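Understanding the architecture of this molecule
Here is how the chains run, residue by residue.
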Amino acid sequence: MKDFDYLVIGSGIAGLVYAIESSKHGSVAIISKKSLYDCNTDYAQGGIAAVLDSHDTFEAHIQDTYVAGAELGKKEIIRQIISEGPNLIKYLIEMGTDFTRRDENYDRSLENLSLTREGGHSQKRVAYAADSTGHQIMEALISNCKSNSNITIFENHMAVDLITQHHIIQSDGFIPGITCWGAYVLNTISNQVEIYRAKKTMLATGGASCIYSHNTNSEIATGDGMAMARLAGARLANMEFVQFHPTAFYHADGETFLISEALRGEGANLLLQDGSAFMESYHPMGNLAPRDIVSQAIDAELKKRGDKYCYLDATSVDQEVLKTHFPYIDKKCTEYGIDFTKEPIPVAPAAHYFCGGILSTIDGITDIRNLFAAGEVACTGLHGANRLASNSLLEALVIAYHAGNHSSNLGEVTFPAIPEWRDQGQFNENEWVVISHNREIIGTIMQGYVGIRRSRRLLKYALSRIENIFNEINNFYQHNTVRKEVVETRNMAVIATMVIRSALSRKESRGAHFVIDHPHKDDAKYKIDTII
Ligand SMILES: Cc1cc2nc3c(=O)[nH]c(=O)nc-3n(C[C@H](O)[C@H](O)[C@H](O)COP(=O)(O)OP(=O)(O)OC[C@H]3O[C@@H](n4cnc5c(N)ncnc54)[C@H](O)[C@@H]3O)c2cc1C
């Protein structure tokens with residue numbers, strides 16, 4: 001058994017910030033499913049939103065967030081998170097994040113940050129580090145964690161299950177309510193499971209977009225934290241709101257990477273394959289409309305024509321800006337033989353971000369005692385039905401910082417006797433070869449039946465198929481020694497079921513959830529969170 005004050009599951013921005021803050025109060029273990037850098041934070045290109053310009057106001061950022069979220073966000077939560085943006089960007093700079101500056105000869109103050117504008121934002125308010133903002137943030141935070149003697153890092157370690165009452169043999173007078181005392185953790189190299197006991201556990205496991213076959217995410221995003229919390233008895237909220245990024249690179253072999261919204265912010269245009277523009281007829285903000293509108297517009301136009309992709313044309317943008325501001329996109333396009341300064345980029349929407357997640361407060365507190373959640377795994381009420389671009393890094397940062405400094409992150413804990421992990425028999429390779437195909441099938445079902453434009457009939461078909469897959473995979477999980485792929489596939493089935501159930505329960509269209517049977521918003525009945 002390993003024993004720490006704090007167990008941090010996940011090494012993206014949320015996990016690392018919480019680890020740094022908690023290390024001021026005790027010993028911290030960070031476990032990460034692959035290497036520290038394998039996470040969505042490292043993929044983030046566009047930037048992080050905050051009110052940093054003298055022409056901008058908190059009210060404007062709050063309003064943009066609320067409108068993008070189709071008026072489902074919680075105004076008070078939005079206000080709290082946004083008002084802490086500037087201070088916490090300063091915190092990232094102090095940690096060593098090298099944001100792009102207005103004038104490289106000047107200091108690293110907030111006033112000297114170069115800002116860009118993204119879809120749904122009424123002002124330039126996105127701080128960035130060229131087009132690899134997430135990577136810059138990761139470098140700074142990882143270097144702080146590595147030099148911190150209170151923090152121990154375990155790469156290739158995967159949380160399999162939270163340790164709560166359902167693992168403990170109950171005795172009379174045992175603590176009521178659900179409490180978390182750490183997690184069972186699989187070393188994915190040795191395939192051994194060990195108890196990681198902790199007074200406080202932070203779930204910072206990120207999102208679940210890998211349940212869709214076409215997605216922009218790191219392969220770690222299989223919804224493990226959401227599934228573990230759900231299976232332990234926590235509530236999840238707003239799981240139907242899966243945001244599709246409108247402009248993922250399209251290639252016939254399925255390879256994809258994100259083409260940042262910031263490119264449209266600089267003036268790139270969406271065009272059909274015949275070269276005609278179409279966004280103006282969908283929204284007054286045209287190419288800079290909120291993401292759900294742009295994804296739905298592209299989806300509708302592609303379906304109308306039977307096309308697989310449209311174009312993002314950046315050829316009118318200054319070449320110098322393209323080369324200096326978007327080196328990652330430049331490099332990736334060049335790999336596929338495209339010079340984006342001279343020709344349009346083929347793009348199509350792909351699953352990108354989970355607006356829903358574990359129901360949690362501004363301090364990361366969940367339904368389960370001593371269990372926190374922060375980042376994409378959580379649902380705080382900031383995003384409502386659709387996330388405003390670049391608000392997710394901000395949310396992860398604010399909530400993780402809050403959680404690390406909250407009074408409930410302190411205090412002693414009485415531990416029960418924790419049983420060793422049950423290890424069931426052998427690993428049946430022959431059966432797994434067959435069952436492992438379910439992972440691909442989940443992706444195909446979700447992409448085809450539970451995508452941008454949904455119908456109740458297809459949602460019901462999808463539910464019965466995914467439930468069968470869950471039963472199959474869960475049965476295998478119960479009767480074999482544990483492996484990463486098995487746990488991930490089971491978690492993906494759990495999360496896919498939650499997305500479909502939530503989508504079926506919302507009989508209206510709002511934000512990232514569009515269902516053709518109920519194409520309009522119904523504020524009277526559905527201006528509420530979907531809680532399961
Ligand atoms: C291509 C792309 C571009 C983006 N661009 C932007 C942007 O410009 N601005 C913005 O605000 N947002 C952006 N986002 C969204 C944003 O990056 C994420 O929402 C955010 O980084 C999530 O941070 P996180 O810490 O919650 O999770 P992540 O950074 O995804 O980290 C999750 C961590 O949990 C670990 N993990 C998962 N399961 C387990 C397990 N069972 N056991 C142990 N460890 C586990 C993973 O290994 C990983 O370390 C982008 C996302 C993508 C995919």
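The structure displayed is predicted, hence computed values, not measured ones.

1. Comments concerning the sheet that holds strand β4 (residues 115-116)
- Overall, antiparallel pairing links the three strands, which are arranged β3-β5-β4 in an open sheet. Looking at strand neighbours, the two that pair on one side only are β3 (48-49) and β4, the edges of this open sheet.
- Alignment of β3 against strand β5 (residues 126-127), held across two bridges, turns out to be antiparallel. For Ala49, the partnering residue across the bridge sits in β5 and is Val126.

2. Side note on the site of the ligand
- In the vicinity of the ligand lie 38 residues, with Thr41, Gly46, Gly47, Glu376 and Ser392 positioned nearest.
- Here an oxygen atom of the ligand and a backbone polar atom of Asn40 are 3.0 Å apart.
- Ser390 places a main-chain nitrogen or oxygen 3.4 Å from an oxygen atom of the ligand.
- Class assignment for the residues of the shell around the ligand results in 14 nonpolar, 19 polar and five charged.

3. Considerations on the pairing of strand β7 (residues 157-162)
- Among the six residues in β7, six count as buried, and that is most of the element.
- Of the strand pairs in this sheet, β7 and strand β8 (residues 182-187) are connected by five bridges, and their pairing is antiparallel. Bridging from a neighbouring strand, Asp161 pairs with Tyr184 of β8.

4. Looking at helix α9 (residues 291-305)
- The end-to-end C-alpha distance of α9 is 21 Å, a good match for the 21 Å that 15 residues give at a rise of 1.5 Å each.
- On the buried face of α9, the contacting elements are β11 (242-249), α8 (262-265), β12 (269-271), β13 (310-313), β14 (345-354) and β18 (453-454).
- Positive backbone phi, at 70 degrees, marks Gly306, one or two positions downstream of α9.

5. Comments concerning the packing of helix α7 (residues 224-232) against helix α16 (residues 484-505)
- Where α7 meets α16, the axes come as close as 9 Å, and the angle between the chain directions of the two elements is 75 degrees. Taken together, α7 and α16 sit at an angle that is classed as roughly perpendicular. Judged by residue contacts, Asp224, Met226, Ala227, Arg230 and Leu231 of α7 engage Glu488, Arg490, Asn491, Val494, Ile495 and Met498 from α16.
- Residues belonging to the contact of α7 with α16 are distributed by class as follows: six nonpolar, one polar and four charged.

6. Considerations on unusual backbone geometry
- The phi torsion at Ala70 lies on the positive side, around 55 degrees, for a residue other than glycine.
- Looking at the element boundaries, Ala70 is found in the loop between α3 (58-68) and α4 (75-83).
- A positive phi angle is found at Asn156, which is not glycine, with a value near 50 degrees.
- Along the chain, the position of Asn156 falls in the loop between β6 (151-154) and β7.

Reading the values: rules and limits
- Residues numbered from 1 in each chain as written.
- Predicted model: local features only at pLDDT ≥ 70, side-chain atom pairs only at ≥ 80, totals over all residues.
- Heavy atoms only, no water.
- Pairing = 2+ DSSP bridges.
- Helix = DSSP H or I, 4+ residues; strand = E, 2+ residues; numbered from the N terminus.
- Near = heavy atom within 4 Å.
- Polar contact = N/O pair within 3.5 Å; in protein donor to acceptor, adjacent residues only side chain to side chain.
- Nonpolar A, V, L, I, M, F, W, Y, C, P; charged D, E, K, R; others polar.
- Buried < 20%, exposed > 50% of the residue type's maximum accessible area, 1.4 Å probe, protein only.
- Expected span 1.5 Å × (residues − 1).
- Contact = heavy atoms within 4.5 Å.
- Axes fitted to C-alpha atoms, helices over the stretch in contact; angles between N-to-C directions.
- Parallel < 35°, antiparallel > 145°, perpendicular 65-115°, else oblique.

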